[in-house]
2 protein chains.
Amino acid sequence: MARNKRDVDRAQKQEEIELAATRLFLEGGYDATSMAAVAGAAGVAPNTLYWYYANKDELLIAVLNRLMARTLEVRAGIAELPLPEQLLWLIQVFEQAHNLVLTVHGRLDQSKAIFDWHAQFHQKLEALLVATLVAQGMSEEEAVTLATAGTFIVEGLLSHPHTLEQREKVIRWLLSKGWKPDDSYFV
Amino acid sequence: MARNKRDVDRAQKQEEIELAATRLFLEGGYDATSMAAVAGAAGVAPNTLYWYYANKDELLIAVLNRLMARTLEVRAGIAELPLPEQLLWLIQVFEQAHNLVLTVHGRLDQSKAIFDWHAQFHQKLEALLVATLVAQGMSEEEAVTLATAGTFIVEGLLSHPHTLEQREKVIRWLLSKGWKPDDSYFV
DNA sequence: ACCTGAACACCGTTCAAGT
DNA sequence: ACCTGAACACCGTTCAAGT
């Protein structure tokens, strides 16, 4: 499976495009960022993007996969931290890309590719959360429900302005269900 | 504050436009429904819409207010039902317009008008939920947290495919926190 | 294989002109 | 006050042509 010169070049070009797209999507939002703007930032003609990506949604998916890979790397390094730390870290990660979370939800009905990506994303996220909760001694059944509710609450926080106090209160409430966090963490 | 002939005519025209827009937005989605399509369904020229609404977002807000008014009317009739019934009814209402819920969230960063509408919507919804919970004997503080978490979970269900079994499980989990629903409801 | 200039169909919105 | 035809700037995407 050795990659020849040509593959490397292709991968490099795609990296340039995806880095530009990531920056612009995060800064200005998906809808407000035109394909021409991405192309300009990557130093190519607008229609060149269509050599690498079938359409704008596929470019978004490439960006999302890149962000997810980077996030999984970081998370591997903090897997040993206590649960509340991990959850608050997760919220902050999603918050940085809250733009794109809302965009993905908004395009669920309009793009099958986005719909499929979203489904597998939540599958992976739930598996990760459940494994973490079970490792802490929670039952599988309890863990699944808590993972689902936790995901919804994290996503809810992203699209609704709130104070840090409100955030702490609802997270504390969530975790107090089957699991007792160290209250001192929040002080 | 009596309305003269002219006002009545204007209101009638707006009703025609908003009914057409409501149908098209719910069926095909906001993005996929062009102003020209709304105008066509209402029997006017595309640019005529701009006499009544400053832009497409304002038309969306008019549609949302119409849906909300109708929903509040229906809800007044079921205010005496037990809490789980009311909550499941709410989910089903949101589900019918889940399209527009996701659209509103997706446009939060791009339209101040939508942002403001969303803020006041959640203010009203929370006030209604808290009042309902307090009337059932819950403390104000507890009610606020449960209302927030409940809203997020309802919205989470809207954007994530799930079985009825999953829905029942997470709703049951939510309500089991400070309040004991009649389990037989779910059977 | 990769890239581009030119074009296409469409979009939200504006404007000058009509009644 | 209300409505419209025509136009504007922009969009995602396609295609034929280049290397």
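Please refer to the structure higher up on the page.
Residues numbered from 1 in each chain as written. Chains lettered and ligands numbered in written order. Predicted model: local features only at pLDDT ≥ 70, side-chain atom pairs only at ≥ 80, totals over all residues. Heavy atoms only, no water.

Digging into the environment of Asn-99 of chain B
What counts is decided by this rule: Each helix corresponds to a stretch of at least 4 residues labelled H or I by DSSP, and each strand to a stretch of at least 2 residues labelled E; elements are numbered beginning at the N terminus. Between buried and exposed lies partly exposed: a residue is buried under 20% and exposed over 50% of the maximum accessible area for its type, with that area taken using a 1.4 Å probe on protein chains only. Contacts are residue-level and defined by heavy atoms, with any inter-residue pair within 4.5 Å sufficient. Pairs of N or O atoms within 3.5 Å make up the polar contacts considered here, provided that, within protein, one atom can donate a hydrogen while the other can accept it, and that residues adjacent in sequence are counted only when both atoms are side-chain atoms.
In this fold, Asn-99 of chain B is placed in helix H6 (residues 98-107). Under the relative-accessibility criterion, Asn-99 of chain B is labelled buried at 14%. For the pair Asn-99 of chain B and Phe-25 of chain B, spaced 74 residues apart in sequence, the C-alpha to C-alpha distance is 8.0 Å. Apart from the residues within four sequence positions on either side, Asn-99 of chain B is in contact with Asp-109 of chain A together with Phe-25, Leu-26 and Gly-29 of chain B. Of the polar contacts made by the side chain of Asn-99 of chain B, one reaches the backbone oxygen of Leu-26 of chain B; its length is 2.8 Å.

Some words on the interface of chain B and chain A
Here is the rule we go by: The buried area of a pairing is the accessible area, by a 1.4 Å probe, that goes missing from both parts when the two are put together, added over both. We count a salt bridge whenever a side-chain nitrogen from Lys or Arg sits within 4 Å of a carboxyl oxygen from Asp or Glu. Just so you know the grouping, Ala, Val, Leu, Ile, Met, Phe, Trp, Tyr, Cys and Pro go in nonpolar, Asp, Glu, Lys and Arg go in charged, and all remaining residues, Gly too, go in polar.
Counting residues at the interface gives 30 residues for chain B and 30 residues for chain A. Interface area for chain B against chain A, summed over the two sides, is near 2700 Å², with a carbon-plus-sulfur share of 67%. Linking chain B with chain A are two salt bridges, by the criterion used here. Measuring nitrogen to oxygen at the nearest pair gives 3.5 Å for the salt bridge that ties Glu-141 of chain B to Lys-169 of chain A. On inspection of chain B and its partner chain A, the count reaches ten residue pairs in polar contact (both at pLDDT 80 or more). Mapped onto the side of chain B that touches chain A, the elements with two or more residues apiece are H6, helix H7 (112-135), helix H8 (140-158) and helix H9 (164-175) of chain B. Ranked by the residues each element gives to the side of chain B that touches chain A, the list is headed by H8 of chain B, at nine residues. Across the side of chain B that touches chain A, the residue classes tally to twelve nonpolar, twelve polar and six charged.

Some thoughts on the protein's contact with DNA strand C
This is how the line gets drawn: Residue proximity to a molecule or strand is established when one non-hydrogen atom of the residue lies within 4 Å of it.
The environment of DNA strand C is made up of 16 residues, and the closest members are Asn-47, Thr-48 and Tyr-52 of chain A together with Tyr-50 and Lys-56 of chain B. For DNA strand C, the fraction of atoms within 4 Å of the protein that belong to sugar or phosphate moieties is 57%. Residue Thr-48 of chain A places a side-chain N or O atom 2.5 Å away from a phosphate oxygen belonging to DNA strand C. Elements represented by at least two residues in the surface near DNA strand C include exactly helix H1 (5-28) and helix H3 (49-52) of chain A.

Description of the relation of the copies chain B and chain A
In this structure, two copies of a chain are linked by a rotation about an axis accompanied by a shift along it. This is how it is decided: All copies are superposed by least squares; the fitting set is the C-alpha atoms of residues with a pLDDT of at least 70 in both.
At an RMSD of 0.0 Å, chain B and chain A line up after a rotation of 180° and a shift of 0.0 Å along the axis. On the angle and the small slide along the axis, the relation comes out as a two-fold axis.

Considerations on the environment of His-98 of chain B
For His-98 of chain B, the position within the fold is in helix H6. Counting along the chain gives 57 residues from His-98 of chain B to Glu-155 of chain B, while the straight-line C-alpha distance between them is 8.5 Å. Beyond its immediate sequence surroundings of up to four residues, His-98 of chain B is in contact with Asp-109 of chain A together with Leu-158 of chain B.

Describing the side chain of Ser-159 of chain B
In this fold, Ser-159 of chain B is placed in the loop between H8 and H9. Take Ser-159 of chain B: its relative accessible area is 6%, and that puts it in the buried class.

Observations regarding the side chain of Arg-167 of chain B
Residue and element names in this part refer to chain B. For Arg-167, the position within the fold is in helix H9. Taking the relative accessible area as the measure of exposure, Arg-167 reaches 10% and is therefore buried. Excluding residues within four positions of it along the chain, Arg-167 makes contact with Leu-88, Ile-91, Glu-95, Leu-157 and His-162.

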